[in-house]
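Residues per chain are reported as follows:
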Amino acid sequence: MEISDSYFEDEVREGFFVPSLMKRAWAAQIEILEAIRTICEKHNIRYFAEWGTLLGTVRHGGFIPWDDDLDICMLREDYDRFRAIADEELPEECWFMDYRWDDDFDHLIGRIINSKVLILEGEQLEKYHGFPYVAGIDIFWMDDLPIDKEEEEDYHRQIDFLIRFIYAMRLHKSGGVTLDEENLEQYICRTEEMFGVLIDRKKPVKQQLYAILEKVAAPKYKNSNSNEITNLPVWRESRNYRLPKRCYSESIMLPFEMVEVPVPAGYDELLGRKYGAGWMKSVRSGGSHDYPVYREQEQNLKKEEAGILFEYVYSEQERLEAEEARRRREAEYVPLWKQVEDFFPLFQEAHEAIDRCLEIGDGTGTLGILEECQNAAVQLGTLIEIERGEGHPTVHVLEQYCEDVYRLHEQIYGGEKGVVLTGLQCYETQLRESVRIHLKEKKEVVFIPYKVVFWETMEALWRAMSEDEEIDVSVVPAPYYYKNAFGHVKPEEKRLETDYPEDVVLTSYEAYSFEKRHPDMIVIQCPYDEYNYALTIHPFFYAKNLKQYTKQLVYIVPYIMDEIGPGDSRARETLKCLCNTQGVVHADTVVVQSEQMKEVYVELLTEFAGKNTEKMWRKKIVAWKNK
């Protein structure tokens with residue numbers, strides 16, 4: 001399945017920041033979903049979007065921005081048919097899992113995964129869009145409910161006992177509860193008595209309990225008179241979780257990200273049953289203990305130290321080294337106005353020498369000095385044009401000077417008598433004044449956007465500075481590159497966006513010399529440097545490198561999102577991908593959208609870099625309204 005590079009970029013959806021790695025997780029799951037679709041269409045098996053996937057499809061046209069998994073459901077008949085053929089029909093790298101297929105699988109659902117180990121290389125990593133972790137889709141099966149209320153009571157009692165026993169076995173295995181041999185035997189005996197079965201103590205008991213649960217449920221779904229269905233584990237906890245069977249009589253296809261998924265034709269009624277009457281209103285909820293779904297795998301990948309992991313690790317040494325590099329360059333840097341002023345004594349000495357030569361009638365000496373004056377003026381003009389471009393007022397003064405030098409040269413060379421130097425000497429004053437006005441006193445600020453869509457976060461500061469006559473402002477868009485599934489840059493696909501508002505005058509990054517101009521301030525909006533799963537800017541524009549060319553590096557966060565409250569753990573988790581970056585670490589000032597967001601940044605960065613860094617972050621990070 002082909003997915004555009006831009007899809008994997010970080011994005012704010014409905015006020016929630018979605019990092020690029022989550023986009024790759026979504027894409028990997030959609031790839032598995034497409035494999036399921038192929039099988040189901042081939043064998044006429046019905047399936048439906050379920051839970052958050054159903055809600056996301058109807059309400060968002062894709063994943064709920066703060067969700068990280070993909071769920072489907074099947075009616076019991078379809079599920080049994082699907083799992084009977086899954087192993088043969090699924091792609092070679094995929095695994096179908098439920099209690100029948102995997103003794104270690106401890107869930108009352110089916111699940112399809114694309115690997116059992118981290119995916120770090122090869123065609124499989126490319127197929128699953130650079131997502132290095134195991135991706136999967138849960139399949140919930142739906143059983144009929146009895147029509148008779150007394151039968152339903154007995155049914156619920158049986159289901160409740162079996163699931164409780166299964167959960168106890170699961171916790172016993174993980175050390176969560178103590179289930180000694182005597183208690184275990186009591187439970188087994190009661191199970192045999194209740195369901196008229198024999199349990200083999202020499203085989204895994206939990207797997208036999210799953211089989212009993214299916215046998216208990218099996219006769220119910222064959223009851224054609226049943227008009228309600230449910231997912232048994234949910235129904236066991238909430239008897240109100242009963243869904244009209246008619247809602248699943250047909251399905252309709254609705255857009256989901258870049259594909260379409262089937263949803264029950266009665267989705268409106270179903271969503272009301274599942275989430276209440278206000279299901280169309282987005283409510284961000286859920287803890288972060290299992291979010292993102294790949295967190296545990298991410299920790300394992302860190303141990304592998306694999307190159308596919310694009311996570312910046314804070315280094316105090318790196319920060320100090322960058323500061324030292326800035327100090328060295330600052331000490332070595334000679335501003336343009338100073339370089340020009342260094343020529344003033346040379347011009348003065350040359351003019352005095354010409355005056356003496358004219359007094360004694362030394363034409364040859366005068367001509368030689370005039371040639372040196374012209375060469376110096378040309379050299380100086382070239383230096384200014386390189387840094388400030390053609391047409392600079394100081395260059396115009398030098399051009400006039402060269403014309404007068406040439407005229408004086410021609411007069412002396414032609415033997416003209418009574419030639420005086422007064423015209424050239426007046427240029428000393430003009431040159432000093434031009435340097436003072438046009439080179440020396442103005443501050444220089446460079447804005448470095450990389451995507452037009454983020455310009456609005458820079459625009460207010462750019463406009464304010466552009467209107468200040470004491471500031472020279474340049475806008476130098478930085479080129480950026482997308483990364484492939486292996487995390488490698490695609491250099492042949494360099495992107496350079498130039499479609500900015502008409503009043504924004506752009507300067508080519510190839511024409512602007514940061515080393516020679518050394519602007520007073522550089523304003524950036526890309527904080528990732530190389531640490532992003534979707535893209536990178538040109539290495540020259542990495543924050544660590546730019547820092548050495550300016551007295552003040554300012555990073556303006558390009559994304560505007562909903563404010564993050566104390567309990568919004570998912571938003572805090574995803575924000576780390578934007579917050580814990582080199583741009584934030586190396587900038588002198590970081591501009592965020594509000595005081596509330598500043599507090600979140602300070603909290604996350606202190607956790608990221610150490611308690612002793614909190615004061616640094618509080619000083620560095622400012623809210624936009626106070627900027």
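Just so it is clear, the structure is predicted and the values come from calculations on it, not from any experiment. Per chain, residues are indexed from 1 in the order of the written sequence. Predicted model: local features are reported for residues with pLDDT of at least 70 only, side-chain atom pairs are reported and counted for 80 or more only, and whole-chain, interface and lining totals are derived from all residues. As a rule here, side-chain values cover all heavy atoms of the structure and leave hydrogens and water aside.

## Let's talk about the overall build of the chain
By the criteria applied, helices consist of DSSP H or I runs no shorter than four residues and strands consist of E runs no shorter than two, each listed in order from the N terminus. Summing up its helical and strand segments, the chain has 23 helices and 19 strands in all. It is over C-alpha atoms that the radius of gyration is taken, and the globule rule equals 2.2 Å times the number of residues to the power 0.38. Taking 25 Å as the expected radius of gyration for a compact globule of 627 residues, we find that the chain reaches 36 Å, considerably beyond that expectation. Its C-alpha atoms give the chain principal-axis dimensions of roughly 130 × 45 × 45 Å. Relative accessibility decides the category of a residue: with a 1.4 Å probe and only protein chains considered, values under 20% of the type maximum give buried, values over 50% give exposed, and everything between is partly exposed. Counting over 627 residues, the chain shows a buried share of 53%. Any two residues having at least one pair of non-hydrogen atoms within 4.5 Å are treated as being in contact. In the chain, of all internal contacts separated by at least 6 residues, the share reaching a separation of at least 24 is 72%. Note on areas: these come from Shrake-Rupley sampling with a 1.4 Å probe, and a residue is covered only by the protein chains present in the view. Accessible surface for the chain amounts to roughly 29700 Å². Of this, 48% is attributable to carbon and sulfur atoms. In this tally, Lys and Arg are treated as positive and Asp and Glu as negative; His is ignored, and so are the chain termini. A charged residue contributes its charge at one atom only: NZ of Lys, CZ of Arg, CG of Asp or CD of Glu. Across the chain, the mean location of the 76 positive side-chain charges is 6 Å away from that of the 117 negative side-chain charges.

## Considering the state of the cysteines
Any cysteine sulfur atom paired with another within 2.5 Å is treated as part of a disulfide. All chains considered together, the criterion is met by zero disulfides. Summary of cysteine pairing: Cys73 is not part of a disulfide, and the nearest cysteine sulfur, belonging to Cys40, is at 11 Å.

## Here we look at the packing of helix H1 (residues 20-43) against helix H3 (residues 76-89)
For the pair H1 and H3, the least separation of the axes is 11 Å and the interaxial angle reads 120°. As summarised for this structure, H1 and H3 are arranged oblique, according to the angle between their axes. The two elements H1 and H3 cross, and the hand of that crossing is right-handed. In contact with Ile36, Ile39, Cys40, Lys42 and His43 of H1, H3 contributes Arg81, Phe82, Ile85 and Glu89. Residues are grouped as follows: nonpolar covers Ala, Val, Leu, Ile, Met, Phe, Trp, Tyr, Cys and Pro; charged covers Asp, Glu, Lys and Arg; every other residue, Gly included, is treated as polar. Looking at the contact of H1 with H3, its residues break down into five nonpolar, one polar and three charged. Axis angles are defined between N-to-C directions and span 0 to 180 degrees, where every axis is a line fitted to C-alpha atoms and, for a helix, only to the segment in contact. Between 65 and 115 degrees an angle is taken as roughly perpendicular, under 35 as roughly parallel, over 145 as roughly antiparallel, and anywhere else as oblique. Each crossing gets its handedness from the near helix: less than a right angle anticlockwise from the far helix is left-handed, clockwise is right-handed.

## Observations regarding the nonpolar core
Buried Ala, Val, Leu, Ile, Met, Phe, Trp, Tyr and Cys residues that are joined via side-chain atoms within 4.5 Å together make up what is termed a nonpolar core. Grouped together as the largest cluster of nonpolar side chains are 109 residues, with contacts concentrated most on Phe82, Tyr450, Leu575, Leu578 and Tyr601. If one sorts the elements of this core by residue count, H1 sits on top with 12 residues. Those residues within four positions of Leu578 in sequence are excluded, and the remaining contacts are Phe17, Pro527, Tyr528, Tyr555, Val557, Tyr559, Met561, Val584 and Tyr601. Counting 30 residues, the second-largest nonpolar core is a separate cluster that includes Phe347, Leu367, Leu380 and Leu424.

## Let's talk about the environment of Gly567
On the secondary structure map, Gly567 appears in the loop between strand E17 (552-556) and helix H20 (569-579). Assessed through its relative accessible area of 69%, Gly567 is described here as exposed. Separated by 81 residues in the primary sequence, Gly567 and Phe486 have C-alpha atoms spaced 35 Å apart.

## With respect to helix H13 (residues 344-360)
Here, expected helix span is obtained from the residue count minus one, scaled by 1.5 Å. Between its first and last C-alpha atoms H13 spans 25 Å; for 17 residues at 1.5 Å apiece the expected length is 24 Å, and the two agree. Listed as buried for H13 are Phe344, Phe347, Ala350, His351, Ala353, Ile354 and Cys357. Trailing H13 by a residue or two, Gly361 shows a phi angle of about 75°, which is positive.

## Considerations on the pairing of strand E13 (residues 471-475)
Note that strand E12 (residues 443-448) and E13 share five bridges and pair parallel. Counterpart to Glu444 in the pairing with E13 is Asp472. Two strands qualify as a pair provided that DSSP identifies no fewer than 2 bridges between them.

## Remarks on the sheet that holds strand E18 (residues 589-592)
Two strands in a sheet stick together by hydrogen bonds in their backbones, pointing the same way (parallel) or opposite ways (antiparallel). Here we have six strands laid out as an open sheet, ordered E13-E12-E15-E17-E18-E19, and parallel in their pairing. Bordering the open sheet on either side are E13 and strand E19 (621-623), each of which pairs with just one other strand. Direction aside, neighbouring strands of the sheet carry axes that sit 20° apart on average. Two strands pair when backbone bridges link them, and E12 and strand E15 (residues 521-524) are joined in this way by four bridges, in the parallel orientation. Bridging across to E15, Phe447 finds its partner in Val523.

## Some remarks on a negative patch on the surface
Patch membership needs two things, relative accessible area over 30% and no salt bridge, and members are linked within 9 Å if like-charged or within 5 Å if nonpolar (Val, Leu, Ile, Met, Phe, Trp, Tyr). Salt bridge, as applied in this entry: a Lys or Arg side-chain nitrogen positioned within 4 Å of an Asp or Glu carboxyl oxygen. Taken together, the side chains of Glu349, Glu352, Asp355 and Glu359 define an acidic patch exposed on the protein surface. Within the secondary structure, Glu359 is located in helix H13.

## Side note on the packing of aromatic side chains
Here a pair means two rings of Phe, Tyr or Trp (six-membered ring of Trp) with centres within 6.5 Å. Their orientation is stacked below 30 degrees between planes, edge-to-face above 60, and tilted elsewhere. Under the definition given, this model contains 39 aromatic pairs. Ring centres of Tyr314 and Trp617 lie 6.3 Å apart, and the angle between their planes is 70°; on these two criteria the pair is classed as edge-to-face. Residue Tyr314 is located in the loop between helix H10 (295-304) and helix H11 (316-332), and its partner Trp617 is located in helix H23 (residues 614-620); the two are separated by 303 residues in the primary sequence. Residue Trp617 is classed as buried on the basis of its relative accessible area, which comes to 0%. Within the aromatic cluster, the residues linked to one another by ring pairs are Phe17, Tyr450, Phe454, Tyr480, Tyr482 and Tyr559. Geometrically, a charge over a ring is one whose NZ (Lys) or CZ (Arg) sits within 6 Å of the ring centre while staying within 35 degrees of the ring normal. Positioned above the aromatic ring of Phe8, the side-chain terminus of Arg24 is 4.3 Å from the ring centre. Over the ring of Trp95 we find Lys116; its NZ or CZ atom is 3.9 Å from the centre of that ring.

## Structural notes on unusual backbone geometry
For Asn44, which is not a glycine, the phi torsion comes out positive at approximately 55°. Tracing the chain through its elements places Asn44 in the loop between H1 and strand E3 (48-49). Taking relative accessible area as the criterion, Asn44 reaches 62% and is therefore assigned exposed. Residues other than glycine seldom take positive phi values, yet His129 does so here, at roughly 60°. Topologically, His129 is positioned in the loop between helix H4 (122-127) and strand E7 (136-144). His129 gets classed as buried once you look at its relative accessible area, which sits at 7%.

## Quick notes on the environment of Pro491
Following the sequence through the fold, Pro491 ends up in the loop between strand E14 (480-482) and helix H18 (514-517). The exposure class assigned to Pro491 is exposed, which follows from its relative accessible area of 55%. Spatially, the C-alpha atom of Pro491 lies 41 Å from that of Met97, the residues being 394 residues apart in sequence.

## What to know about the pattern of salt bridges
Applying the stated criterion across every chain, the model contains 57 salt bridges. With a closest N to O distance of 3.6 Å, Arg495 and Glu493 form a salt bridge. On the basis of relative accessible area, Glu493 is assigned to the partly exposed category, the value being 29%. A salt bridge links Arg572 to Glu603; its shortest N-O distance comes to 2.9 Å.

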